[in-house]
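Structural characterization, general
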There are 2 protein chains.
Amino acid sequence: MQPNKPTLHTCFSPSLLHLYDLTDAVVVIIDVFRATSTIAAALYNGAKHIIPVDSVAKAIEISKRIDGVAAGERDGKLAEGLQHGNSPLEYHKDFIENKTLVLTTTNGTKLLQMALDNNAKTIITGSFPNLTAVCNFLITQNKNVVLGCAGWKDRFNLEDTLFAGAVINKVKEQFIIHCDSSLTAELLYEQHKNSLVDFAPNLTHYHRLVERFGLIEDIKFCLTPDGANVLPLYEDGKLVSFSL
Amino acid sequence: MQPNKPTLHTCFSPSLLHLYDLTDAVVVIIDVFRATSTIAAALYNGAKHIIPVDSVAKAIEISKRIDGVAAGERDGKLAEGLQHGNSPLEYHKDFIENKTLVLTTTNGTKLLQMALDNNAKTIITGSFPNLTAVCNFLITQNKNVVLGCAGWKDRFNLEDTLFAGAVINKVKEQFIIHCDSSLTAELLYEQHKNSLVDFAPNLTHYHRLVERFGLIEDIKFCLTPDGANVLPLYEDGKLVSFSL
């Protein structure tokens, strides 16, 4: 153990975020199904930036003011009053290039707001589509890391945990990791890394998205590494694509 | 799926307990290292009953009044002002038979109090030493189950999760389980069930107990099934040994 390495912790639920010191850490907001996958896709396809907000009303109000695209979901489906949802496949280049997305979601955007409230200064978003960009950023920063899983309405979920495990698997040599959550995440990822899409039907959220809303293509995109390999960094109220 | 089966959920931290409906459920308090292992050992060795309390002062006051044994730990070691700690090996028959143990611990007894505050009516304690008794009780009750992991100061821990996985592995046919925490617990247990003691050095808490306090024999006892196979049931402020 090299004592000068930074630490890495995994937080399994927004309800546990207060247990971690975010002040000088890089906080990775993880909401694999689907907010952080959608954020990666939109920025990859040329969105100017993304403004995460905590209510539908705010999404509509801000998007009108700045001529942006109001989007979001509640309980896994298009939020009432919005024309655009939380599917990464909706934000292709022809539609989103040079536009601003104003996004509100059940879990991911809420956790981002909580991280700000807990004094986080460096916030990025992570998901399988931008796995490598996240790992490269964490390695170059040489700061403590908190992998923040958005979960589902404060409950633990497996897809966010699997992504945390994928990150740990790639960056662990650079960090001191002494955290049962991180060990669990990596063990689960090791168990399923070669069959993530086949494993997906075991996940609670899969049933919500696929059986109710038929979103199997979303699931495949959200579980495939590096399909939208950008680094969304939170700056002055916006997520922007950051270049190393 | 048979809709008339009861449900089973796993709660990974006291900070997540509010997400689960405990009212008509059997709540299993799990604190493998070491409160619920100690509780099983003391009752197995003939303790009359165990009074869980939330402070050292209360443990001393009550034990004096009823001529009981005040015991407990803080941060993994004997709490200041007490002569007896939280090691299951301390409570052998010659010492504890027919006595009342008044016990205070960092995590397990706190979670029990929280379950009461959240309207739980049926509370038992579980650990590897009484795995079979817990499973038999859950199967006969035909009620919803919440497996409550005490964790470490509200953080997720792996040993409590592994015990939850062991229970799920044995009772899953009798319940509807649609919960990512439960799936995770079972996957981890499946991965390590044949080598729990060998796996233990990976656990955060192992380092606390073994490297700081040399408690390897405690660890072995706490990870071995059915060494003290009783069913501690909470009734009128006391844990008593319940016979099916």
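Here the residue numbering is sequential within each chain, running from 1 through the sequence in written order. Each chain takes a letter, starting from A, and each ligand takes a number, starting from 1, following the order in which they are written. Per-residue local features are limited, in this predicted model, to residues with pLDDT of at least 70; the limit for side-chain atom pairs, both in listing and counting, is 80 or more; totals at the level of whole chains, interfaces and linings are taken over all residues.

It is common to report an interface's size as the accessible area lost on association of the parts. Residues are scored as being in contact if the C-beta atoms we place from backbone atoms lie within 7 Å. Facing the 22 residues of chain A at the interface are 22 residues of chain B. Each helix is a run of DSSP H or I of at least 4 residues and each strand a run of E of at least 2, with the numbering of both proceeding from the N terminus. The dominant element in the side of chain A that touches chain B, judged by the number of residues it contributes, is helix H7 (residues 180-192) of chain A, at seven residues.

Residue and element names in this part refer to chain B. Convention adopted: a line fitted to C-alpha atoms gives each axis, helices being fitted over their contacting stretch, and angles between N-to-C directions are expressed from 0 to 180 degrees. Between helix H5 (residues 131-141) and helix H6 (residues 158-171), whose axes approach to 10 Å, the crossing angle comes to 50°. Put simply, H5 runs oblique to H6. For the element pair H5 and H6, the recorded crossing hand is right-handed. Of the residues in H6, those in contact with Leu-131, Val-134, Cys-135, Leu-138 and Ile-139 of H5 are Ala-166, Val-167, Lys-170 and Val-171. These descriptions rest on fixed angle ranges, namely under 35 degrees for roughly parallel, over 145 for roughly antiparallel, 65 to 115 for roughly perpendicular, and the rest for oblique. Take the far helix as the reference: if the near one is turned anticlockwise from it by less than a right angle, the crossing is left-handed, and if turned clockwise, right-handed.

The next point concerns the pairing of strand E10 (residues 238-241) of chain A. Residue and element names in this part refer to chain A. Residues Leu-239 and Ser-241 line the buried face of E10, whereas the alternating positions Lys-238 and Val-240 sit on a face that is not buried. Strands qualify as paired when DSSP identifies two bridges or more between them. Examined bridge by bridge, strand E9 (residues 232-235) and E10 share four bridges and lie antiparallel to one another. Note on E10: the bridge partner recorded for Leu-233 is Val-240. Between E9 and E10, which follow one another and run antiparallel, lie two residues, and Asp-236 among them has a positive phi close to 50°. Here a residue counts as buried when 20 or more other C-beta atoms sit within 10 Å of its C-beta, as exposed when there are 12 or fewer, and as partly exposed otherwise, the C-beta atoms being derived from the backbone.

With that out of the way, let us pick up the relation of the copies chain A and chain B. The superposition of copies rests on a least-squares fit of C-alpha positions from residues with pLDDT of 70 or more in both. Of the transformation placing chain A onto chain B, the axial shift is 0.0 Å and the rotation is 180°, giving an RMSD of 0.0 Å. Taken together, the rotation and translation describe the operation of a two-fold axis. Residue Ser15(A), judged by its C-alpha, is the member of chain A lying nearest the rotation axis, at 3.3 Å. Residue by residue, 100% of the interface of chain A is reproduced at the interface of chain B, so both copies engage with the same surface.

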